[in-house]
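The chain contents come next:
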Amino acid sequence: MASVMDEHGKFSVLLNGQRDVEEQLNEFKKACNAHDKHNRKRCKRRYYNLALMARMACNTSCDEIRNLIQNGTRTFLLDAVRNRSDEIEKMASLITQTVEEIQTQDPHNKLVVGVAIEINGDCCRIGRLRNNCSIFVEIGSNMTLTSNSSYRYSGFNEICYVINLQHYLPTLKLGDEIKIGGEVKGRIVKILKTNISILIDEAGIINSYDYIELPEQCKFLNLQKATNVFSHDLEMAAGLQADFLVIPQIRCKTVLKMLRHYIRDNFKFQIIGTIDLEYVSRKMLDIMGIIKLLDFLWLTNLFDIPQALHTYICQDVIPIAKCWKKPLIATVPLKRCSDFRVFENHDFLWKIDCIFMEKSEWCNKYPLIVKKLLPIKNYRRGIVQNISPLRDDLSSYQSAVNFVIRTISTIECQAIFLHTKCQVTAAALGRMEIYCPVFVIISMEDDDGEEEMLHHIQMAKNLNLRRNLNTIIYNRTMNPCEYKPIDYGIEYARYCGAIEMGDFIITIDLDKYGGEDAVQLGVGEDVVIMRAYYVPPKSVGEKLIC
């Protein structure tokens, strides 16, 4: 019991007053401890902010797509080789429908999702075997490889369909050695108009869509007729309004150069290439010239490969891609939770821009555990192996600014906000070692033409495959409070939970200032305004996304 004197000078008796005070004090302590714990957790939250790309399957549901988008996946891959055209159209329409539903629920940020189409390219592959099962061929048995499309989805031990075989038939000769997959080898013993018969010299297992290696395969195509090899795939990709074209097993620089010029003249695809690195390294081909012709480089395997090939990738391929400023996509083969320890805090995470994932065969789910690959340990520790590049970076003004941004963002910063319409500028932040998200704000004005709006959307889709970057696209209808671009990005990030009051952030406003009423701050160059401050509290009555 406790007694309290009220305002009239009278005493009133309170039952369990001391207990109530202690309970309030305990609740206050719990709230303070939870607040401190939350702050400590956010201060230690440093990530490799990598992009995510997922492969669509025929059994992928709308809820799975929604879950992937909510976890940061902004690019979906449709395999036009393993799936029929009607299945591809069904998956593409499902993606469009899901994106529209999410956009309807959250109309304050235009959701931009890119679609990539994997085509066959110029390589030869086995079609789908009967019931999609593997077959075993014995030594001394005969096997027929055909270009008859009736066998494309029903191959047998005796006869199998081969994609693109009709383009290479005129150049094949008796006795040529053919390799199927990783085990089977045979010699050509009969050549017909649409078929070839091979005698198996080395037995092994053949799977659906295994690659076939012909002698000097990349040099067999007639460049004047090579566009016929890709015409059907390109028309299908254009009909599906794809943004990226995935070309597998690239070997020949000449064919890739021809294809790139043909796409540039007739289409607007970005090229994602997977190079046959074992063949290129063995034949000592021009890897630098091949990477230069690509827009994105996809490394499909970084682990289950010979040590010599792994060294070749780390010492030659990745440095060349960094030199040409080509983003790197890497496949992380997570199938079950126990595989997580193999890749957690792996050293390859700082080399790549995007993680590719597909449904696990073990549990039939997408391994969204890849988000747990991202935490960084000992982020405050910096090691400079060679001091000369550091001195070179500090010798120019722009490099010094980048070094300051990198240093501040590594230690203290919770987010960086960049307002620009230049893809090169945004991509520069994507190549830096930043452990906090970078929000790229793209504002669409009412006077922007249709071509300029399409350019902004395509720019956002390209940035979705780069590390660190998160695009925010909005127009006047999405901005009822008439925020400036940087302020809109800050409030949107606050609404998403990325930043809170008191967080340290960096804002970069890069634009061309011109016109009669504009302030001339530079001489014919872009003006960069960089500010660093703490996030203020919301103004009273302020509303943005509620």
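These numbers come from a predicted model, not from an experiment.

Cut-offs and rules
- Residues numbered from 1 in each chain as written.
- Predicted model: local features only at pLDDT ≥ 70, side-chain atom pairs only at ≥ 80, totals over all residues.
- Heavy atoms only, no water.
- Helix = DSSP H or I, 4+ residues; strand = E, 2+ residues; numbered from the N terminus.
- Buried < 20%, exposed > 50% of the residue type's maximum accessible area, 1.4 Å probe, protein only.
- Contact = heavy atoms within 4.5 Å.
- Areas by Shrake-Rupley, 256 points an atom, 1.4 Å probe, with all protein chains shown as cover.
- Core = buried A, V, L, I, M, F, W, Y, C linked by side-chain atoms within 4.5 Å.
- Salt bridge = Lys/Arg side-chain N within 4 Å of Asp/Glu carboxyl O.
- Patch = residues over 30% accessible without salt bridge, like charges linked within 9 Å, V, L, I, M, F, W, Y side chains within 5 Å.
- Lys, Arg positive; Asp, Glu negative; His and termini not counted.
- Charge placed at Lys NZ, Arg CZ, Asp CG, Glu CD.
- Expected span 1.5 Å × (residues − 1).
- Pairing = 2+ DSSP bridges.
- Axes fitted to C-alpha atoms, helices over the stretch in contact; angles between N-to-C directions.
- 1 Å grid on protein atoms, 1.4 Å probe; cavity = no way out; pocket = protein on both sides within 12 Å on 5 of 7 lines; lining within 4 Å.
- Points joined across faces, edges and corners; volume = space filled by probe spheres on them.
- Nonpolar A, V, L, I, M, F, W, Y, C, P; charged D, E, K, R; others polar.
- Parallel < 35°, antiparallel > 145°, perpendicular 65-115°, else oblique.
- Left-handed = near helix turned anticlockwise from the far one by under 90°.
- Polar contact = N/O pair within 3.5 Å; in protein donor to acceptor, adjacent residues only side chain to side chain.
- Phe/Tyr/Trp six-rings, centres within 6.5 Å; stacked < 30°, edge-to-face > 60°.
- Lys NZ or Arg CZ within 6 Å of the ring centre and 35° of its normal.

Colleague: I tried to follow the overall build of the chain on my own but got confused; where do I start?
Modeller: Looking only at helices and strands, the chain has 15 helices and 24 strands in total. Looking at the chain as a whole, 46% of its 546 residues qualify as buried. Pairs at least 24 apart in sequence give 71% of the contacts found in the chain among residues at least 6 apart. With an accessible surface of roughly 29600 Å², the chain has 51% of that area assigned to carbon and sulfur atoms.

Colleague: Mind showing me how you'd approach the nonpolar core here?
Modeller: It is characteristic of soluble globular proteins that their nonpolar side chains tend to be buried jointly. If you look at the biggest cluster of nonpolar residues, it comprises 98 residues, and the most contacted ones within it are Ile-117, Met-143, Leu-145, Ile-180 and Ile-275. Tallying contributions element by element places helix α9 (residues 307–323) first for this core, with seven residues. The residues contacting Ile-275, other than those within four sequence positions of it, are Ile-250, Val-280, Ile-287, Ile-290, Ile-291, Leu-294 and Leu-297. Counting residues in each nonpolar core, the second largest holds 21 residues, with Leu-418, Met-432, Val-438 and Met-444 among its members.

Colleague: What is the right way to look at the side chain of Asn-462 in this model?
Modeller: With respect to the element layout, Asn-462 can be found in helix α14 (residues 450–463). In contact with Asn-462, other than residues within four places in its own chain, are Phe-244, Gln-270, Phe-296 and Gln-423.

Colleague: Explanation requested: the pattern of salt bridges in the structure shown.
Modeller: Two side chains with opposite charge may pair up if their charged atoms get near one another. Summed over the entire model, instances satisfying the criterion amount to 15 salt bridges. A salt bridge links Arg-84 to Glu-87; its shortest N-O distance comes to 4.0 Å. On the basis of relative accessible area, Arg-84 is assigned to the partly exposed category, the value being 34%. Across the pair Arg-494 and Glu-491 runs a salt bridge, and its minimum N-O distance is 3.1 Å. Placement of the pair is Arg-494 and Glu-491 together in helix α15 (residues 485–496), with a separation of three residues, close to one helical turn. Salt bridges sharing partners connect three or more residues here, namely Arg-55, Asp-79, Arg-82, Glu-118 and Glu-358.

Colleague: What's the story with a negative patch on the surface in this structure? I'm lost.
Modeller: A contiguous patch of negative charge on the surface is contributed by Glu-445, Asp-447, Glu-450, Glu-451 and Glu-452. Within the fold, Glu-450 resides in helix α14. Among the residues examined, Glu-450 registers a relative accessible area of 65% and is labelled exposed.

Colleague: Help me understand α14, please; the structure alone is not making it clear to me.
Modeller: For the α-helix, the turn length of 3.6 residues means that residues three or four positions removed from each other point alike. Under the 1.5 Å per step criterion, the end-to-end length of α14 is 20 Å for 14 residues, consistent within 8% with the ideal 20 Å. Within α14 the residues assigned to the buried category are His-456, Met-459, Ala-460, Lys-461, Asn-462 and Leu-463.

Colleague: What's the story with the sheet that holds strand β11 (residues 184–191) in this structure? I'm lost.
Modeller: Either a parallel or an antiparallel arrangement is found when strands of a sheet pair, and the pairing is made through backbone hydrogen bonds. A barrel is described by the order of its strands in space; here seven strands give the closed sequence β6-β9-β8-β12-β11-β10-β14, paired in mixed fashion. If you compare each strand with its neighbour and ignore which way they point, the axes differ by 40 degrees on average. Relative to β11, strand β10 (residues 177–180) is paired through four bridges, and the arrangement is antiparallel. Across the sheet, Lys-179 pairs through a bridge with Lys-185, a residue of β11.

Colleague: Help me understand the pairing of strand β5 (residues 114–118) in this model?
Modeller: Side chains on a regular strand alternate between the two faces of the sheet. Of all the five residues making up β5, five are buried; the element is thus mostly covered by neighbouring parts of the structure. With burial as the criterion, each face of β5 is covered, one bearing Gly-114, Ala-116 and Glu-118 and the other bearing Val-115 and Ile-117. Pairing of strand β4 (residues 73–79) with β5, which is carried by five bridges, proceeds in the parallel orientation. Within the sheet, the bridge partner assigned to Leu-77 lies in β5 and is Ala-116.

Colleague: Just checking my understanding: could you explain empty space enclosed by the protein for this structure?
Modeller: Over the atoms, a rolled probe matching the size of one water molecule traces out where space is still vacant. Overall, the coordinates contain one cavity of 30 Å³ or more when judged by the stated rule. Quantified by volume, the largest cavity comes out at close to 70 Å³. In terms of lining residues, the largest cavity is bounded by Gly-121, Asp-122, Phe-230, Ile-247, Ile-250, Arg-251, Cys-252, Val-255, Leu-256 and Leu-259. Among the secondary structure elements, those contributing two or more residues to the lining of the largest cavity are β15 (244–250) and α6 (253–266). Per-element tally for the lining of the largest cavity: the top contributor is α6, with three residues. A breakdown of the residues in the lining of the largest cavity according to their chemical character gives seven nonpolar, one polar and two charged.

Colleague: Looking at this structure, how should I read the packing of helix α13 (residues 423–430) against α14?
Modeller: Geometrically, a packed helix pair is captured by the angle between its two axes and the distance between the axes. Direction vectors running N to C along α13 and α14 enclose 15 degrees, while the axes themselves pass 11 Å from each other. One finds that α13 runs roughly parallel with respect to α14. Crossing handedness for the pair α13 and α14: right-handed. Here α13 contributes Gln-423, Ala-426 and Ala-427 to the contact with α14, which in turn contributes Met-459, Asn-462 and Leu-463.

Colleague: Can you walk me through the side chain of Glu-118 in this structure?
Modeller: Within the secondary structure, Glu-118 is located in strand β5. Overall, Glu-118 belongs to the buried group, its relative accessible area being 6%. Here Arg-55 takes part through its side chain, which lies 3.4 Å from a polar atom of the side chain of Glu-118. Once residues within four sequence positions are removed from consideration, Glu-118 is found in contact with Arg-55, Leu-77, Leu-78, Asp-79, Ala-80, Val-81, Arg-125, Val-246 and Pro-248.

Colleague: Help me understand the environment of Thr-274, please; the structure alone is not making it clear to me.
Modeller: Along the chain, Thr-274 falls in strand β16 (residues 270–275). Each C-alpha atom, one on Thr-274 and one on Trp-298, is 5.0 Å from the other, the two residues being 24 residues apart in sequence. Sequence-distant contacts of Thr-274, defined by excluding residues within four places in its chain, comprise Ile-247, Pro-248, Gln-249, Ile-250, Trp-298 and Thr-300.

Colleague: Whenever I open this one, the packing of aromatic side chains confuses me. Can you help?
Modeller: With the rule as written, the count across this model stands at seven aromatic pairs. Chaining the aromatic ring pairs together yields one cluster made of Tyr-262, Phe-267 and Phe-269. A cation sits over an aromatic face here: Arg-84 above Tyr-153, 4.2 Å from the ring centre. Sitting over the ring of Tyr-279, Arg-251 keeps its end group 4.1 Å from the ring centre.

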